[in-house]
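Residues per chain are reported as follows:
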Amino acid sequence: MSQVLITGATGLVGGHLLRMLIQERKVNYIAAPTRRPLGDIDGVFNPHDPQLTDALAQVQDPVDIVFCCLGTTKREAGSKEAFIHADYTLVVDTALTGKRLGAKHMLVVSSMGANAHSPFFYNKVKGKMEEALIAQKWERLTIVRPSMLLGDREKHRFSESVFAPMFKLLPGNWKSIDARDVAEVMLKEALTASPAGVNVIPSAKIREMAQGEV
């Protein structure tokens, strides 16, 4: 049986993943700290605080697996600083909390194009986030890199509404992908015995794994 910590449970991928975790018989404890309350969900410990780091600090029970599905855009965040806080600082805080609680496996949603040396701000921050997690020397670290996510968000993202039709036509890793597929693959990876080390799963492979082709 597994005990898990998940952040980003109010988001697109995280929402799907939380619902899957609740139904998963191999999971017997779920801590889902959030900035706003999830509501009354049986079997989920949901400390909440506008400062997610403070909500994370309330999680004290041991966990085996950490999922981080945090992610925003500069437009949504309001500034470069706020974006860095959401997509870098809070991701690292999630990982450090998992380490504190004894977790051995970290799974994180990154992005296609993540590169710490990228000239593009979004990709650069994602790349630096990946580097920070790798530097923590997790026994197992799974980085999923989806392309543009498809699914119903509470708040529509302007860029997704404009570019989603185009991304559906792109080949390979750049073709848009259903957020539910990303969540499904993260859960499969978490509950499957795999070699130690860093495993990066690009968007095309996520799609194949979700369709049972791998």
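For the structure, see preceding data.
First things first, this report covers the structure right here in the doc. Given the structure is predicted, the values throughout are model-derived calculations rather than measurements.

**Section: the overall build of the chain**
For step 1, the next point in the chain: A tally of regular secondary structure across the chain gives eight helices and nine strands.
For step 2, the next point in the chain: With 214 residues in all, the chain has 49% of them scored as buried.
For step 3, the next point in the chain: Accessible surface for the chain amounts to roughly 10,700 Å². Of this, 53% is attributable to carbon and sulfur atoms.

**Details of the side chain of Thr7**
For step 1, the next point in the chain: Here Thr7 shows up in strand E1 (residues 2-7).
For step 2, the next point in the chain: Taking the relative accessible area as the measure of exposure, Thr7 reaches 0% and is therefore buried.
For step 3, the next point in the chain: Not counting the four nearest positions on each side in its chain, Thr7 is found in contact with Pro33, Leu52, Leu56, Phe67, Cys68, Cys69, Leu70 and Thr94.

**Focus on the nonpolar core**
For step 1, the next point in the chain: Counting 32 residues, the largest nonpolar core has Ile6, Val13, Leu21, Phe67 and Met186 as its most contacted members.
For step 2, the next point in the chain: Listed by contribution, the elements that provide at least two residues to this core are E1, helix H1 (12-23), strand E2 (27-31), strand E4 (65-68), strand E5 (105-109), helix H7 (179-191) and helix H8 (203-210).
For step 3, the next point in the chain: By size, the runner-up hydrophobic cluster in this structure holds 23 residues, among which are Ala31, Val91, Ala103 and Trp138.

**Examining the sheet that holds E4**
For step 1, the next point in the chain: Spatial ordering of the open sheet is given by E3-E2-E1-E4-E5-E6-E9, a layout of seven strands whose pairing is parallel. Across the chains shown, the open sheet's two edge strands, defined by having one partner strand only, are strand E3 (44-45) and strand E9 (197-202).
For step 2, the next point in the chain: In this structure, strand E6 (residues 140-145) lies alongside E9, joined through six bridges in parallel fashion. Note that in E9 the partner of Leu141 across the bridge is Val198.
For step 3, the next point in the chain: Those strands touched by H7 are E1, E4, E5, E6 and E9, and its axis lies near 170° from that of E5.
For step 4, the next point in the chain: Here H8 sits on the sheet in contact with E6 and E9, set at roughly 85° to E9.

**Some thoughts on the pattern of salt bridges**
For step 1, the next point in the chain: A complete count under the given rule lists four salt bridges for this structure.
For step 2, the next point in the chain: The salt bridge involving Lys188 is made with Glu184; its shortest N-O contact spans 3.3 Å. Of this pair, Lys188 and Glu184 both sit in helix H7, four residues apart, which is roughly one turn of the helix.
For step 3, the next point in the chain: A residue is classified by how much of its surface remains accessible, and Lys188, at 35% relative accessible area, is partly exposed.

**Some remarks on the pairing of E2**
For step 1, the next point in the chain: When you tally the buried positions in E2, you get four out of five residues, the bulk of the element.
For step 2, the next point in the chain: Bridging between E1 and E2 involves four bridges; their strand directions are parallel. Paired with Gln3 across the strands is Tyr29, a residue of E2.
For step 3, the next point in the chain: In this fold, E1 hands off to H1, which returns the chain to E2; that crossover is right-handed.
For step 4, the next point in the chain: Two elements, E2 and E3, share two bridges in a ladder whose sense is parallel. Bridge pairing in E3 links Ala31 to Phe45.

**Here we look at the pairing of E4**
For step 1, the next point in the chain: Every second residue of E4 is oriented toward a common face, with Ile65 and Phe67 on one face and Val66 and Cys68 on the other, all of them buried.
For step 2, the next point in the chain: Summarising the sheet, E1 and E4 pair through four bridges and their orientation is parallel. Bridging across to E4, Val4 finds its partner in Ile65.
For step 3, the next point in the chain: For E4 and E5, the ladder comprises four bridges, and the chain directions are parallel. Residue pairing across strands places Ile65 opposite His105, the latter belonging to E5.

**Quick look at a nonpolar patch on the surface**
For step 1, the next point in the chain: A contiguous nonpolar surface patch, about 220 Å² in accessible area, is contributed by Ile134, Val198 and Val200.
For step 2, the next point in the chain: Residue classification places Val200 among the partly exposed positions, given a relative accessible area of 34%.

**Brief notes about helix H4 (residues 80-100)**
For step 1, the next point in the chain: The terminal C-alpha atoms of H4 lie 29 Å apart, and with 21 residues this matches the ideal 30 Å at 1.5 Å per residue to within 8%.
For step 2, the next point in the chain: Where H4 bends most, at Ala86, the angle is about 30°.
For step 3, the next point in the chain: Of all the residues in H4, the buried ones are Phe83, Ala86, Asp87, Leu90, Val91, Val92, Asp93, Thr94, Ala95, Thr97 and Gly98.
For step 4, the next point in the chain: Where H4 is buried, its residues touch E1, helix H2 (52-57), E4, helix H3 (74-77), E5 and helix H5 (121-135).
For step 5, the next point in the chain: Phi turns positive, to about 95°, at Gly102, one or two residues after H4.

Procedures and definitions
- Residues numbered from 1 in each chain as written.
- Predicted model: local features only at pLDDT ≥ 70, side-chain atom pairs only at ≥ 80, totals over all residues.
- Heavy atoms only, no water.
- Helix = DSSP H or I, 4+ residues; strand = E, 2+ residues; numbered from the N terminus.
- Buried < 20%, exposed > 50% of the residue type's maximum accessible area, 1.4 Å probe, protein only.
- Areas by Shrake-Rupley, 256 points an atom, 1.4 Å probe, with all protein chains shown as cover.
- Contact = heavy atoms within 4.5 Å.
- Core = buried A, V, L, I, M, F, W, Y, C linked by side-chain atoms within 4.5 Å.
- Pairing = 2+ DSSP bridges.
- Axes fitted to C-alpha atoms, helices over the stretch in contact; angles between N-to-C directions.
- Salt bridge = Lys/Arg side-chain N within 4 Å of Asp/Glu carboxyl O.
- Right-handed = clockwise from strand over helix to strand, strands pointing away.
- Patch = residues over 30% accessible without salt bridge, like charges linked within 9 Å, V, L, I, M, F, W, Y side chains within 5 Å.
- Expected span 1.5 Å × (residues − 1).
- Bend = angle between axes of the 7 residues up to and from the residue.

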